[in-house]
Amino acid sequence: MDVQASGALLWTCVKAVGIWVISVLLAVPEAVFSEVARIDSLDNSSFAACIPYPQTDELHPKIHSVLIFLVYFLIPLTIISIYYYHIAKTLIKSAHNLPGEYNEHTKKQVSLKGCWLSLGCVCVI
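Before going into details, it helps to say that this report is about the structure given with it. Keep in mind it's a predicted model, so treat the numbers as computed, not measured.

Cut-offs and rules
Residues numbered from 1 in each chain as written. Predicted model: local features only at pLDDT ≥ 70, side-chain atom pairs only at ≥ 80, totals over all residues. Heavy atoms only, no water. Helix = DSSP H or I, 4+ residues; strand = E, 2+ residues; numbered from the N terminus. Buried < 20%, exposed > 50% of the residue type's maximum accessible area, 1.4 Å probe, protein only. Contact = heavy atoms within 4.5 Å. Areas by Shrake-Rupley, 256 points an atom, 1.4 Å probe, with all protein chains shown as cover. Phe/Tyr/Trp six-rings, centres within 6.5 Å; stacked < 30°, edge-to-face > 60°. Pairing = 2+ DSSP bridges. Expected span 1.5 Å × (residues − 1). Bend = angle between axes of the 7 residues up to and from the residue.

1. Points about the overall build of the protein chain
In step 1: Tallying secondary structure elements over the protein chain gives three helices and two strands in all.
In step 2: The secondary structure elements of the protein chain, listed N-terminal to C-terminal, are α-β-β-α-α.
In step 3: Classification of the 125 residues of the protein chain by burial places 10% in the buried group.
In step 4: Across the protein chain, every contact between residues at least 6 apart in sequence was considered, and the portion connecting residues at least 24 apart equals 23%.
In step 5: Carbon together with sulfur atoms contributes 70% to the accessible area of the protein chain, which is approximately 10700 Å² in total.

Structure, rendered in structure tokens:
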């Protein structure tokens, strides 16, 4: 294999390292505010559990839960839905300009694929 002269490999590595650095920076608050708590049970035994927020503050757990919901569910769902919409729109739009003998059949196939993408988008929600 030839080494690409354009620096694509270097650019890919820079992106990967950048993603890791951003991930570490975003994980710092979780690491700082987490604490190990000793939990006692009814049968005189206890165990240690990692709690992602301090037990003394009441506002922090609420903010943490809302941010986890946004970052892990709502933002990715929105991005995926937007891309599914654009894919479906492109497929349906491309079906109108197809040349050939089986034009109507192909249009129906592409429209059906667009419907399946839309249905998949609804199912994710």
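2. Observations regarding the packing of aromatic side chains
In step 1: If you walk through the whole model with that rule in mind, you get one aromatic pair.
In step 2: When the ring of Phe-69 is compared with that of Phe-73, the centres are 5.5 Å apart and the planes differ by 35°; the resulting orientation is tilted. Of the two residues, Phe-69 and Phe-73 both sit in helix H2 (residues 59–95), four residues apart, roughly one turn of that helix.
In step 3: Classification of Phe-73 by relative accessible area gives partly exposed; the value is 37%.

3. Notes on the pairing of strand E1 (residues 35–40)
In step 1: With six bridges joining them, E1 and strand E2 (residues 46–51) adopt antiparallel strand pairing. Bridging from a neighbouring strand, Val-36 pairs with Cys-50 of E2.
In step 2: In this structure, the hairpin formed by E1 and E2 is closed by a connection of five residues, where Asn-44 is found at a positive phi of approximately 60°.

4. Thoughts on helix H1 (residues 8–33)
In step 1: With 26 residues, H1 extends 39 Å between its outermost C-alpha atoms, agreeing within 8% with the 38 Å of an ideal straight helix rising 1.5 Å per residue.
In step 2: Along its length, H1 shows its largest kink, about 30°, at Ala-27, and proline Pro-29 lies within four residues downstream of that point.

5. Topic: unusual backbone geometry
In step 1: The backbone of Asn-44 sits at a positive phi, close to 60°, despite the residue not being glycine.
In step 2: Take Asn-44: it is sitting in the loop between E1 and E2.

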